[in-house]
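Observations on the three-dimensional arrangement
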Amino acid sequence: MKPILELSQVSIEFKTPKGAFKALDNIDLKIGQGEFVSLIGHSGCGKSTVLNIVAGLLKATSGGAVLEGKEVNEPGPERAVVFQNHSLLPWLTAYENVELAVKQIFKGKKSKAEMKAWIEHNLKLVHMDHAMHKRPGEISGGMKQRVGIARALAMEPKVLLLDEPFGALDALTRAHMQDSLMEIQRDLKNTVIMITHDVDEAVLLSDRIVMMTNGPAARVGEILDVNLPRPRDRLALAEDPHYNHLRQEVLRFLYEKQRKTEDGLSAPSSAPKTEAKKNTSELTPDIKKVPAAEADKKVINLHTHKDHVA
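Glancing now at the nonpolar core. Grouped together as the largest cluster of nonpolar side chains are 55 residues, with contacts concentrated most on Val 203, Ile 209 and Val 250. Here this core takes seven residues from helix α2 (residues 94-106), the largest share from any one element. Core analysis: the next-biggest nonpolar cluster, separate from the first, contains 35 residues, Leu 29, Leu 58, Ala 65 and Ile 193 among them.

Counting buried residues along helix α1 (residues 47-55), nine of its nine residues qualify, which places the element largely inside the surrounding structure. Along α1, the residues that are buried comprise Lys 47, Ser 48, Thr 49, Val 50, Leu 51, Asn 52, Ile 53, Val 54 and Ala 55. One or two steps after α1, the chain reaches Gly 56, where phi turns positive at roughly 85°.

On to the pairing of strand β4 (residues 62-67). Examined bridge by bridge, strand β1 (residues 3-16) and β4 share five bridges and lie antiparallel to one another. Residue pairing for β4: Leu 5 is matched across the bridge by Leu 67. Where β4 lies against strand β5 (residues 70-71), two bridges are found, and the strand directions are antiparallel. In the strand pairing of β5, Leu 67 is matched with Lys 70.

Right, let's get into the pairing of strand β7 (residues 159-163). Taking burial as the measure, the five residues of β7 include five buried ones, the bulk of the element. Of the strand pairs in this sheet, strand β6 (residues 79-83) and β7 are connected by five bridges, and their pairing is parallel. Bridge pairing links Phe 83 to Asp 163 in β7. By the bridge criterion, five bridges tie β7 to strand β8 (residues 191-195) in an arrangement that is parallel. When the bridges of β8 are listed, Leu 160 appears paired with Val 192. As a crossover connection, the stretch from β7 through helix α5 (residues 171-188) into β8 is right-handed.

Ordered by their spatial adjacency, four strands build an open sheet running β2-β1-β4-β5, and the pairing between neighbours is antiparallel. Bordering the open sheet on either side are β2 (19-32) and β5, each of which pairs with just one other strand. Here α1 sits on the sheet in contact with β1 and β2, set at roughly 115° to β1.

This brings us to the packing of aromatic side chains. The final tally for this structure, using the stated rule, is one aromatic pair. Ring geometry for Phe 106 and Trp 118: centres 6.4 Å apart, planes at 80°, overall edge-to-face. Here the residue Phe 106 occupies a position in helix α2, and Trp 118 occupies one in helix α3 (residues 112-125), the gap between them amounting to 12 residues. The burial state of Phe 106 is the same as that of Trp 118; both residues are buried. Its end group placed over the ring of Phe 106, Lys 110 keeps NZ or CZ at 5.0 Å from the ring centre.

Conventions adopted
Residues numbered from 1 in each chain as written. Predicted model: local features only at pLDDT ≥ 70, side-chain atom pairs only at ≥ 80, totals over all residues. Heavy atoms only, no water. Core = buried A, V, L, I, M, F, W, Y, C linked by side-chain atoms within 4.5 Å. Buried < 20%, exposed > 50% of the residue type's maximum accessible area, 1.4 Å probe, protein only. Helix = DSSP H or I, 4+ residues; strand = E, 2+ residues; numbered from the N terminus. Pairing = 2+ DSSP bridges. Right-handed = clockwise from strand over helix to strand, strands pointing away. Contact = heavy atoms within 4.5 Å. Axes fitted to C-alpha atoms, helices over the stretch in contact; angles between N-to-C directions. Phe/Tyr/Trp six-rings, centres within 6.5 Å; stacked < 30°, edge-to-face > 60°. Lys NZ or Arg CZ within 6 Å of the ring centre and 35° of its normal.

Spelled out as structure tokens, the structure:
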């Protein structure tokens, strides 16, 4: 399968008061059309940094990301981002929040009637058509995230980027959102890259799980093929030996090969010897996450401000 997205020898350094901080070191990854890939690893391993490079919100120091043969240098509507913080505008209804993105993307391409139908279609996809005229303060956290996903889908992205989208939700709501995401991805066949700290979530949703080594100078440690048939039923999988084997493989990587000790040092692992071992969480690239509201503004407003570079 020809990859739709390719990361080639991606490295990135940030300037800090203590000198250069190398967050990523030679990340190589190819992702196919319609594939669901999860990135998992300990805090500070650069997962969000990888996502922000793909989104065009950060520029790699060396190497880069290529989407359908075109280098990624800035945000664009073909890469929609959903953050843990829904980042909805509180004075707008669910419909109007989605409309904001649709007008930016499809102005002059769709009629008012077509845009209205498209907005309603995407809200229906996430089961929010019944509450489309409610404001964020009138709906639950899970419903807000559904609206955020609808807004991203309404941009018709080639790649959907999810940065721990369900991390702030309670367990039951999270499970419902996972089921909805599987349903949407099955129907639309979007290419999805998701960051998660949840091993069960990664195994349930993914075609492949990319396991990152500890930072600084994080790399791709291992890639696990999740060859479980779809559609997937969480109750049936709970007693599935192969599901539990895959789950154990991820846990073994995280807590044996890449575990962190109480003094903040990484335990011995299979990572390259050149990789730094000290946990410099105060310099972690996770603090380089672009604020959700700012990132959304960059992504949504890009094509009306072509001279803007993230």
